[in-house]
Every structure is written in structure tokens, then in C-alpha cells.
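Below, each chain spelled out in residue letters.
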Amino acid sequence: MEITNFPAVDREIKKWGLRSESLIQILHGTQESIGYLPEEILSYIAEKLNISLSKIYGVVTFYNFFKLTKDAEHVITTCLGTACYVKGGEKILNALCNKLNIKPNEITKDNKFTVKTVRCVGCCGFAPVMIIDGKDIYGKLSENEAIEILERYMIP
Ligand code: FES
């Protein structure tokens, strides 16, 4: 693979030094700039710091704040814990995925939405629950209500 120049990485290397001990800071700063750490970036860092790519992957996958893939603009999390599942959580998940024409964990082509699942978010009394962008919590949902809420986020 051709190694190209990535200014966001070069900035971090300049800031933290061209040494393997700076790996975490360089990865962190690069992710702050780009939003995630794609393979070509990790290869570039490996080449620059003379560290094996597998070692860098080991570090990136060890810490859960590093992201290897880009997140969508809106992350919808549907709960499939027992209480939510019993109250129709899977139907909510399927309705959202059908509306967006994606499978769970995929990102829409316009990069706006992804739908993830979680096992209990601690509000079982409001089952079934979905959370949008980690902060907007909706409970006691029907499929239609979930779609109506989703449509509010679709407005540009
Ligand atoms: S099972 Fe969904 S909030 Fe607990």
C-alpha cells in the first residue's frame, strides 16, 4: 500500500514527538481531528513510528474510546434487554431498520443514521426504550411512535 501524507497525523507527531511512547497521544489527537481511525491512518502511524500495524491494532482495540469506523451523524440505540424485548423492542428495531433501509450497525448511505442495540439501559419501567445520540431517551414506544420520532431527526 502506498503511504501518503496525513496532515492530522503529522500535526500530532510534531506535537508529541516521533517516538513509540507517544503512540496513544498520537492516536487520540488524530481521532479528535478525523473522528475515527481508518486502516490507512493506522498504517501511516505504524510506518512513521516504526511500530508493527498489529501492535497498533492491539492498542486501538484494547481501549474502547478508539473507533475504527466512522459513526453516523445520529446513533439510534434500541434496547433488547428482557423487559424491552418482551414489550416489543425487536419490532421497534426492525421498524427503524426498515425505514432507514439498513441492517443493525450499518450506516445509511448519507451517513446520517445507524441503529445499534443494547441489553438494558436501566429504564425497564419504560420498555420498550430507544435512545438517540446517547442523550434523548424515548420509552413506552409503539413502532409508529418510533418512526415518528425518527422522522423528526430526518428533517435537515
Ligand atoms: S430491558 Fe430495556 S431498559 Fe431494561
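Counting of residues starts from 1 at the beginning of each chain's written sequence and follows it residue by residue. With the structure being a predicted model, the display of local features is reserved for residues of pLDDT at least 70 and the display and counting of side-chain atom pairs for 80 or more, all residues being used for whole-chain, interface and lining totals. Side-chain numbers here rest on the full set of heavy atoms in the structure, without hydrogens or water.

1. Digging into the pairing of strand 1 (residues 74–79)
Looking down a regular strand, the side chains alternate between one sheet face and the other.
Then, number 1: Only protein chains enter the accessibility calculation, which uses a 1.4 Å probe; a residue whose area is less than 20% of its type maximum is buried, one above 50% is exposed, and one in between is partly exposed. In this text, helices come from DSSP runs of H or I with a minimum length of four residues, and strands from runs of E with a minimum of two, each type numbered from the N-terminal end. Within strand 1, six of the six residues are buried, leaving the element largely enclosed by the surrounding structure.
Then, number 2: Here strand 1 shows no split at all, with His74, Ile76 and Thr78 on one side and Val75, Thr77 and Cys79 on the other all buried.
Then, number 3: Relative to strand 2 (residues 113–118), strand 1 is paired through six bridges, and the arrangement is parallel. Within strand 2, the residue paired with His74 across the bridge is Phe113.
Then, number 4: When strand 1 meets strand 3 (residues 130–132), the two strands line up antiparallel, connected through three bridges. By the bridge assignment, Thr78 is partnered in strand 3 with Met130. Should DSSP find at least two bridges between two strands, the strands are regarded as paired.

2. Concerning the sheet that holds strand 4 (residues 136–138)
Then, number 1: One open sheet holds the four strands; their spatial order is 2-1-3-4, and the pairing between them is mixed. Because the sheet does not close on itself, it has two edges, and the strands there are strand 2 and strand 4. Adjacent strand axes in the sheet meet at a mean angle of 20° when their direction is disregarded.
Then, number 2: Pairing of strand 3 with strand 4, which is carried by three bridges, proceeds in the antiparallel orientation. Looking at strand 4, one finds that Ile132 is bridged to Asp136. Lines fitted to C-alpha atoms define the axes here, with helix axes fitted over just the stretch in contact, and angles between the N-to-C directions of these axes take values from 0 to 180 degrees.

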